[in-house]
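Given next are the chains, with one letter for each unit.
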Amino acid sequence: MKILNHQCQIKETRNGNSRNSGSGDDNGNDDDDDDDDDDDDDDGELEQWSLRKCAAATLDVLSESLAQEVLLVTLPILQEKIVSPNWPIREAAILAFGAMSNSFMKLSGNELPSLVPFLVDRLQDNEPRVRQITCWTLSRYSTWVSEEAHEGGQYANYFQPTFQSIVACALDSKKIVQEAACSALSSFIEESDASLIEFYLEPLLHHFAKCFQVINGKIW
């Protein structure tokens, strides 16, 4: 997978015109504004059973039933689309990797050392929807990240930057990202050995206290 080789290309779009691709808005500050009305609209859309959700669920089922066949067809496409400078395409590819996570871990585990750091980098994406879906997709790979760390595997050092980056997203300016980050944190905590989380207990408590102050009860 050539994901890491394309990260610089995507980073360049953060300050370029493609930053707002697909948004129809030239105001570069929209992504950083915490607009409650926009978030409420996002929540309503996400709660509905859409064609997008149906497609992701179907991909999940197919990848479980016909794992090798589905991966053979989808991987070349997703490897291209996940580095697209257009955020809706990039976001959809990240969603697909999350939907196929179980099969991907079983049959394409050798690609995870490239995929996980790429996803962690996408937590800094300018588009809130990309940050949101990346939190969810990373949570789908929490088992692999946590097991590597607990067993002292070759990629044990992936746990800290992944976990800390998701923690940081809990203070994102967008509520949809905050919610996704909190959900992902829950998955990582559940999948991780207690010895891994123990190291982060005090920083987590301080961070969660700050989250309560910033979010001001909007999620809970």
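It should be emphasised that the depicted structure is a prediction, and the values quoted were computed from it without experimental measurement.

### Concerning the overall build of the protein
Within the protein, the regular secondary structure consists of 13 helices and zero strands. If you list the helices and strands of the protein from N to C, you get α-α-α-α-α-α-α-α-α-α-α-α-α. Residues classed as buried in the protein amount to 45% of the 220 residues present. Residue pairs in contact within the protein that sit at least 24 positions apart in sequence constitute 74% of those at least 6 positions apart. When the accessible surface of the protein is split by element, carbon and sulfur atoms take 50% of a total near 11,400 Å².

### A look at the UniProt feature "repeat: HEAT" (unreviewed entry) in the protein
According to UniProt, the "repeat: HEAT" (unreviewed entry) feature falls on residues 115-151. With 81% helix and 0% strand, the stretch residues 115-151 has end C-alpha atoms that lie 20 Å from each other.

### Considering the packing of helix α3 (residues 51-65) against helix α5 (residues 87-99)
A pair of packed helices is characterised by two quantities: the angle between their axes and the separation of those axes. With their axes 8 Å apart at the nearest point, α3 and α5 run at an angle of 40° to one another. For the crossing formed where α3 meets α5, the hand is right-handed. Facing Arg 52, Ala 56, Leu 59, Asp 60 and Ser 63 of α3, the residues of α5 in contact are Glu 91, Leu 95, Ala 96 and Ala 99. When the residues that make up the contact of α3 with α5 are grouped by side-chain class, the tally is five nonpolar, one polar and three charged.

Criteria and cut-off values
Residues numbered from 1 in each chain as written. Predicted model: local features only at pLDDT ≥ 70, side-chain atom pairs only at ≥ 80, totals over all residues. Heavy atoms only, no water. Helix = DSSP H or I, 4+ residues; strand = E, 2+ residues; numbered from the N terminus. Buried < 20%, exposed > 50% of the residue type's maximum accessible area, 1.4 Å probe, protein only. Contact = heavy atoms within 4.5 Å. Areas by Shrake-Rupley, 256 points an atom, 1.4 Å probe, with all protein chains shown as cover. UniProt positions renumbered as here; feature names shortened; annotations may be inferred. Axes fitted to C-alpha atoms, helices over the stretch in contact; angles between N-to-C directions. Left-handed = near helix turned anticlockwise from the far one by under 90°. Nonpolar A, V, L, I, M, F, W, Y, C, P; charged D, E, K, R; others polar.

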